[in-house]
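# Report on the structure
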Amino acid sequence: MAASESWLVEELERRGVSRREFVGFCGVMASIFAMPRTVGARIAQAIEAADKPTLVWLEFQDCAGNTESFLRAGRPTTADIVLDTLSIDYHETIMAAAGHRAEEALEGVVSQKPGGYIAVVEGSIPTGANGAYCTIGGRSAEQIAKEVCGGAAATIAIGTCAAFGGLPAAAPNPTGALSVADAVPGLKNLINLPACPANAENLAAVIVYFLTFNRWPPVDRYRRPLFAYGKAIHDNCERRAHYDAGQFVENWGDEAHRRGYCLYKMGCKGPVTFQNCPRVGWNEGTNWPVGCGHPCLGCAEPDFWDKMTPFYSHIAGVPGFGVHATADKIGIWAAAGVAAAYAIGGLVQYGRRMVHAKAEEEKGGQS
Amino acid sequence: MTRLVIDPVTRIEGHLRIEAEVDGGMVRDAWSSATMFRGVEIILKGRDPRDAWAFTQRICGVCTTVHAIASIRAVENAIGAEPPANARLLRNLIMASQMVQDHVVHFYHLHALDWVDVVSALSADPAATSRLAQSISDWPLSSTDYFRGVKGRLQQFVERGQLGPFANAYWGHSAYRLPPEANLMAVAHYLEALDWQREFIKMHAVLGGKNPHLQSFLVGGMATPIDPDRQASLNMTSISHMRKLIRGAREFVQQVYIPDLLAVASFYKDWAGYGAGVGNYLAYGEYPEVDGANAPLYLPSGVIRARDISAAEPFDQTKVTEYVTHSWFEYEAGDGEGLHPARGETRPNFTGPEPPYEFLNTDGKYSWLKSPRYDGLPMEVGPLSRMLVAYVSGNESVRQYVDYALGQLGVGPEALFSTLGRVAARGIETLVLAEKLENWLNELQDNMGRGQLDIHDNSKWDPASWPKDCSGAGFHEAPRGALGHWVHIVDGEIANYQCVVPSTWNAGPRDAAGQRGPYEEAVVGTPVADPEQPIEILRTVHSFDPCMACGVHVVDRHGRELVKVRAQ
């Protein structure tokens with residue numbers, strides 16, 4: 001493989017990217033992992049040496065938001081990933097082949113590289129109506145997921161729908177939608193990258209992590225990599241000082257809003273949401289939701305469509321979330337805080353919806 | 001007679017299946033089926049209407065702004081909120097930049113590979129490619145060295161033997177007609193467009209925190225504060241950033257997209273004779289130029305029937321109905337009648353084969369899409385409909401560019417009713433909007449300078465200020481066409497929510513009268529040289545820019561849980 005060892009560097013140089021710049025990129029990767037910049041050189045070596053690992057990307061009950069997010073990847077760019085870093089052998093949104101030729105591409109990977117490919121899953125997996133709520137090539141999402149993820153070296157559930165069930169699984173879960181973990185139990189090396197959508201930088205970082213260290217990153221109890229989900233948004237928030245000083249936005253567009261005060265009273269879920277948005281930013285660090293003046297929706301957390309709604313009701317005061325908090329440490333406490341917050345609003349409404357749905361179902365069953 | 005199935009139809013959003021009967025080298029009949037369903041509208045029931053935009057936004061992550069916009073408009077219409085001028089301008093900027101970015105991505109990344117043979121690019125002469133590029137555009141990335149570099153990269157990619165997303169395609173098919181140099185130029189621009197869209201969509205990060213799924217929408221306005229003297233607000237730094245992005249977009253569209261479109265089209269002029277479809281066109285119109293209800297729209301609303309472009313008739317929303325005769329739903333009063341969305345109901349009723357299956361029973365129900373009709377007629381929606389309505393309504397920019405494109409290709413207006421016409425209309429619309437964007441930015445800047453900083457109608461934020469029982473509708477032109485949301489609010493909660501969306505109009509199945517939907521109608525008559533490689537069908541289907549997750553909506557007043565979530 002000597003010939004291919006330096007192809008990436010040669011290629012980059014030919015395209016006007018110096019080795020120094022490339023190592024710089026790897027430094028950015030290192031910083032996402034909060035590692036010393038010298039690690040960048042090791043990452044660079046790993047990427048150059050690796051053969052292109054095969055990746056297949058499955059879309060089930062999805063909106064393609066994570067695919068679009070992937071198309072926004074800047075470090076490395078999508079073109080670099082597609083052409084140089086990975087062999088993306090199946091991805092319905094970008095692949096040239098269609099119909100049975102597309103299916104053949106997927107079958108080829110599954111049969112010829114058992115245990116030797118990465119599966120990415122976007123979207124939840126419906127179990128209702130015998131799988132008829134999502135079929136591809138006549139097969140159900142569940143059938144495809146079991147076969148493809150079952151034979152993968154690792155599975156990345158990208159976005160909250162694949163990681164936790166997400167929007168389709170929100171009450172009353174009309175289609176029996178499940179996360180990958182629940183639909184295909186017992187998968188080895190399952191990594192969840194929730195958020196709606198997941199940040200492209202985090203996907204790229206997971207892949208580079210694997211290529212560099214030949215292992216998958218350590219995860220929290222929701223199987224989320226610690227480097228991206230190990231700290232509450234609240235604790236990295238640029239508006240945190242205003243929270244500590246008791247300075248809050250009270251009305252959209254008021255002086256406090258224009259000054260960038262804390263959005264806690266407008267419903268911000270940053271204190272109970274674990275993700276690196278404030279640190280990494282979106283669209284190559286251009287901005288992030290709180291940065292543009294809107295509260296965090298809590299989109300990286302399980303069941304956020306039910307537990308974090310109504311979005312504009314503020315969570316109960318949860319003191320003591322120190323900067324060392326992680327989802328593992330405060331998970332129970334956070335859940336309790338959320339429950340307390342919605343004792344009047346959300347949770348009651350959530351419960352009512354469930355009861356309502358059940359009642360209608362029974363009514364429907366009788367008619 | 002050969003029955004062929006394309007499933008999955010790739011390079012689209014969502015899950016689409018086409019079954020077609022081919023005989024004598026031509027499609028004789030076709031069926032369009034959406035094969036995924038989530039039930040977003042059922043999930044919305046009982047929730048806070050101010051949250052609805054975030055739920056509906058997730059209907060589609062490609063056109064990631066459109067269901068949020070339609071939703072906040074529907075709720076505002078119901079509760080009587082009046083967003084201030086800045087909110088209108090912020091929304092226009094968000095909507096139009098979505099349109100521009102989405103159309104470019106569609107052309108290069110979702111549609112181009114139906115016309116461009118990537119493998120043929122490997123035999124291109126870089127010097128000739130450079131001459132070709134320079135003959136059609138002033139775009140600076142056009143030197144021989146540049147194209148040699150792109151070709152080398154492609155060569156290296158192919159030689160490594162892992163073709164990834166480019167494997168198994170129809171390369172070498174006789175339907176590919178571009179010379180190698182045009183193919184190489186298109187491949188170069190495929191890669192450039194991938195970088196460009198990532199850069200341009202930072203518009204949405206500035207205005208909405210992130211893309212996809214920007215997060216600055218509010219019922220009653222927008223959440224992006226404006227203040228030239230605050231660093232946590234949209235200020236002159238943000239305006240300058242956006243101005244740079246907008247001008248970059250204008251250049252890319254003028255110097256890359258449009259010249260490529262015309263160059264590619266000139267090799268495929270016969271496609272002005274295929275893919276016409278139903279010949280009826282519907283546009284709700286978009287981009288309010290002033291505040292308030294019934295504001296004049298930059299791209300007007302209207303209806304065109306039977307290709308009659310002498311005039312557009314006014315759109316009347318009471319004439320919209322939806323059928324479920326061939327959809328996996330049932331109506332209480334039977335499946336033979338259409339229902340207006342405000343009276344709509346949806347009871348999912350899957351009658352298809354249990355997966356895995358080979359064929360659908362297309363005599364019965366065969367899709368998760370309903371069949372919307374206007375005054376009983378199937379309607380095409382999307383860029384072609386908008387451009388036709390704007391053209392006959394006298395929009396100066398649209399007229400100028402439509403006439404220019406027709407002149408460049410040497411074809412008459414009848415060429416618009418086709419697969420090629422749809423592709424051209426999308427390009428023209430992109431150009432018109434890329435040139436319009438900066439006007440709205442300037443208006444926003446002027447307001448900022450005058451100290452007019454309002455972004456939200458706070459008077460209707462508290463649900464206590466709403467009527468006890470109210471209904472509203474929100475209309476929007478998404479990249480793929482006319483989008484409407486209907487909401488019914490009781491006691492501050494959503495009692496009913498319905499979406500009638502572009503891909504339902506375009507991709508829906510037959511109705512009670514047996515009239516085909518626009519995809520189905522457009523595909524009939526398409527030549528198919530090799531039923532094993534039906535690239536021609538993909539050309540016409542892709543020309544609509546399918547977005548199936550949007551299309552599969554459900555609804556309704558009677559929606560209920562259909563299945564038990566399996567206990568784990």
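Reading the values: the criteria
- Residues numbered from 1 in each chain as written.
- Chains lettered and ligands numbered in written order.
- Predicted model: local features only at pLDDT ≥ 70, side-chain atom pairs only at ≥ 80, totals over all residues.
- Heavy atoms only, no water.
- Helix = DSSP H or I, 4+ residues; strand = E, 2+ residues; numbered from the N terminus.
- Buried < 20%, exposed > 50% of the residue type's maximum accessible area, 1.4 Å probe, protein only.
- Contact = heavy atoms within 4.5 Å.
- Areas by Shrake-Rupley, 256 points an atom, 1.4 Å probe, with all protein chains shown as cover.
- Rg over C-alpha atoms; globule rule 2.2 N^0.38 Å.
- Lys, Arg positive; Asp, Glu negative; His and termini not counted.
- Charge placed at Lys NZ, Arg CZ, Asp CG, Glu CD.
- Buried area = accessible area lost by both parts, 1.4 Å probe.
- Salt bridge = Lys/Arg side-chain N within 4 Å of Asp/Glu carboxyl O.
- Polar contact = N/O pair within 3.5 Å; in protein donor to acceptor, adjacent residues only side chain to side chain.
- Nonpolar A, V, L, I, M, F, W, Y, C, P; charged D, E, K, R; others polar.
- Pairing = 2+ DSSP bridges.
- Axes fitted to C-alpha atoms, helices over the stretch in contact; angles between N-to-C directions.
- Expected span 1.5 Å × (residues − 1).
- Bend = angle between axes of the 7 residues up to and from the residue.
- Phe/Tyr/Trp six-rings, centres within 6.5 Å; stacked < 30°, edge-to-face > 60°.
- Domains from an automatic or database assignment.
- pLDDT = per-residue confidence, 0-100.

Bringing the overall build of chain A into the picture now. For chain A, the count of helices and strands is 19 helices and nine strands. The buried share among the 367 residues of chain A stands at 68%. Restricting to contacts in chain A with at least 6 residues of sequence separation, those with at least 24 account for 73%. Here chain A has roughly 12200 Å² of accessible surface; of this, 54% comes from carbon and sulfur atoms.

Of regular secondary structure, chain B possesses 16 helices and 16 strands. Radius of gyration (C-alpha) of chain B: 23 Å, near the 24 Å computed for a compact globule of 568 residues. In terms of principal-axis extent, the alpha carbons of chain B reach across some 70 × 60 × 60 Å. A burial count over chain B gives 68% of its 568 residues as buried. Partitioning the contacts of chain B with sequence separation of at least 6, the portion at a separation of at least 24 is 75%. For chain B, the accessible area works out to roughly 16900 Å², and carbon and sulfur atoms hold 49% of it. With 51 positive and 68 negative side-chain charges, chain B shows a spacing of 3 Å between the two charge centroids.

Attention now moves to the side chain of B:Thr35. With respect to the element layout, B:Thr35 can be found in the loop between strand S3 (26-34) and helix H1 (40-44). Aside from chain neighbours lying at most four places away, what touches B:Thr35 is A:Ala132, A:Tyr133, A:Cys134, A:Thr135, B:His15, B:Arg17, B:Tyr357 and B:Trp368.

Tallying the contact residues gives 109 residues for chain B and 114 residues for chain A. Buried surface at the junction of chain B and chain A, both sides included, amounts to about 9400 Å², of which 54% is carbon and sulfur. Ranking the residues of chain B by area buried against chain A places B:Arg153, B:Arg160 and B:Pro165 at the top, with a combined share of 8%. Across the contact surface, chain B and chain A share seven salt bridges. Viewed at the interface, chain A and chain B are joined by 45 residue pairs in polar contact (both at pLDDT 80 or more). Of all elements in the fold, only H1, helix H2 (52-57), helix H4 (85-111), helix H6 (144-159), helix H7 (180-200), helix H8 (202-208) and strand S4 (217-218) of chain B reach the threshold of two or more residues within the side of chain B that touches chain A. A total of seven residues in the side of chain B that touches chain A trace back to one element, the largest contributor, which is H7(B). Each residue belonging to the side of chain B that touches chain A can be placed in one class, and the counts come to 51 nonpolar, 30 polar and 28 charged.

Moving on: the sheet that holds strand S2 (residues 16-23) of chain B. All names here are of chain B. Reading across from one edge, S1-S2-S3 is the order of the three strands in this open sheet, with antiparallel pairing throughout. Taken across any chain shown, the strands that pair with only one partner, and hence form the sheet edges, are strand S1 (2-6) and S3. Put simply, the sheet's adjacent strands are angled 20° from each other on average, direction ignored. As paired elements, S1 and S2 share five bridges and run antiparallel to each other. The residue bridging Ile6 from the neighbouring strand is Ile18, located in S2. Its contacts with the sheet put helix H15 (residues 535-543) on S1, S2 and S3, and the angle it makes with S2 is roughly 135°.

Residue and element names in this part refer to chain B. The end-to-end C-alpha distance of helix H9 (residues 236-267) is 45 Å, a good match for the 46 Å that 32 residues give at a rise of 1.5 Å each. When the local axis directions of H9 are compared, the greatest deviation, roughly 35°, occurs at Val253. With a side-chain oxygen lying 3.0 Å from the backbone nitrogen of Thr237, the N-terminal cap of H9 falls on Asn235.

Turning our eyes to something else, we now look at the pattern of salt bridges. Applying the stated criterion across every chain, the model contains 52 salt bridges over all chains. Salt-bridge contacts for B:Asp270 lead to B:Arg177; the nearest nitrogen and oxygen are separated by 2.8 Å. With B:Asp270 in the loop between H9 and strand S6 (281-283) and B:Arg177 in the loop between H6 and H7, this pair connects stretches of sequence that are 93 residues apart. In this structure B:Asp270 comes out as partly exposed when scored by relative accessible area, which is 32%. Judged by relative accessible area, which is 37%, B:Arg177 ranks as partly exposed. B:Arg516 is the partner of B:Glu521 in a salt bridge, and the nearest nitrogen-oxygen pair spans 3.2 Å. Within this structure, A:Glu255, A:Arg258, A:Arg259, B:Asp227 and B:Arg230 form a network of salt bridges that share partners.

What follows deals with the packing of aromatic side chains. All names here are of chain A. Here the structure, examined in full by the defined rule, presents 48 aromatic pairs over all chains. Taking the centre distance of 5.7 Å and the plane angle of 45° together, the rings of Phe248 and Tyr264 count as tilted. With Phe248 in the loop between helix H14 (240-244) and helix H15 (255-258) and Tyr264 in the loop between H15 and helix H16 (277-280), this pair connects stretches of sequence that are 16 residues apart. Per residue, the accessibility class of Phe248 equals that of Tyr264, and both read buried.

On to the domain arrangement of chain A. Residue and element names in this part refer to chain A. What the domain assignment lists for chain A is domain 1 (3-229) and domain 2 (231-367). The interface of domain 1 with domain 2 comprises 29 residues on the first partner and 26 residues on the second. Interface of domain 1 and domain 2: buried area, both sides summed, is about 2200 Å²; carbon and sulfur atoms make up 55% of it. The largest contributions to the domain 1 side of the interface with domain 2 come from Ala171, Asn199 and Arg221, which together make up 23% of the buried area. Scanning the region where domain 1 abuts domain 2 turns up one salt bridge. A salt bridge links Arg224 to Glu301; the nearest nitrogen and oxygen atoms lie 2.8 Å apart.

Here the focus is the pairing of strand S7 (residues 154-158) of chain A. All names here are of chain A. Burial within S7 is extensive, with five of its five residues counted as buried. Burial of S7 is two-sided: the residues Ala154, Ile156 and Ile158 facing one way and the residues Thr155 and Ala157 facing the other way are all buried. Pairing of S7 with strand S9 (residues 190-193) involves four bridges; the strand directions are parallel. Counterpart to Ala157 in the pairing with S9 is Asn192.

Residues and elements named next belong to chain B. In the predicted model, chain B carries a mean pLDDT of 94, and 97% of its residues have values of at least 70. Contacts of residues 553-568 to residues separated by more than four positions or lying in other chains number 70 contacts, the stretch itself having pLDDT below 50. Overall fold confidence (pTM) sits at 0.90, and the ipTM for the predicted complex is 0.94.

Attention now moves to H4(B). All names here are of chain B. Taking 1.5 Å of rise per residue, the 27 residues of H4 would be expected to cover 39 Å, and the 37 Å separating its terminal C-alpha atoms lies within 8% of that figure. Helix geometry: H4 is bent most strongly at Val105, by close to 30°. Most of H4 is tucked away: 27 of the 27 residues are buried.

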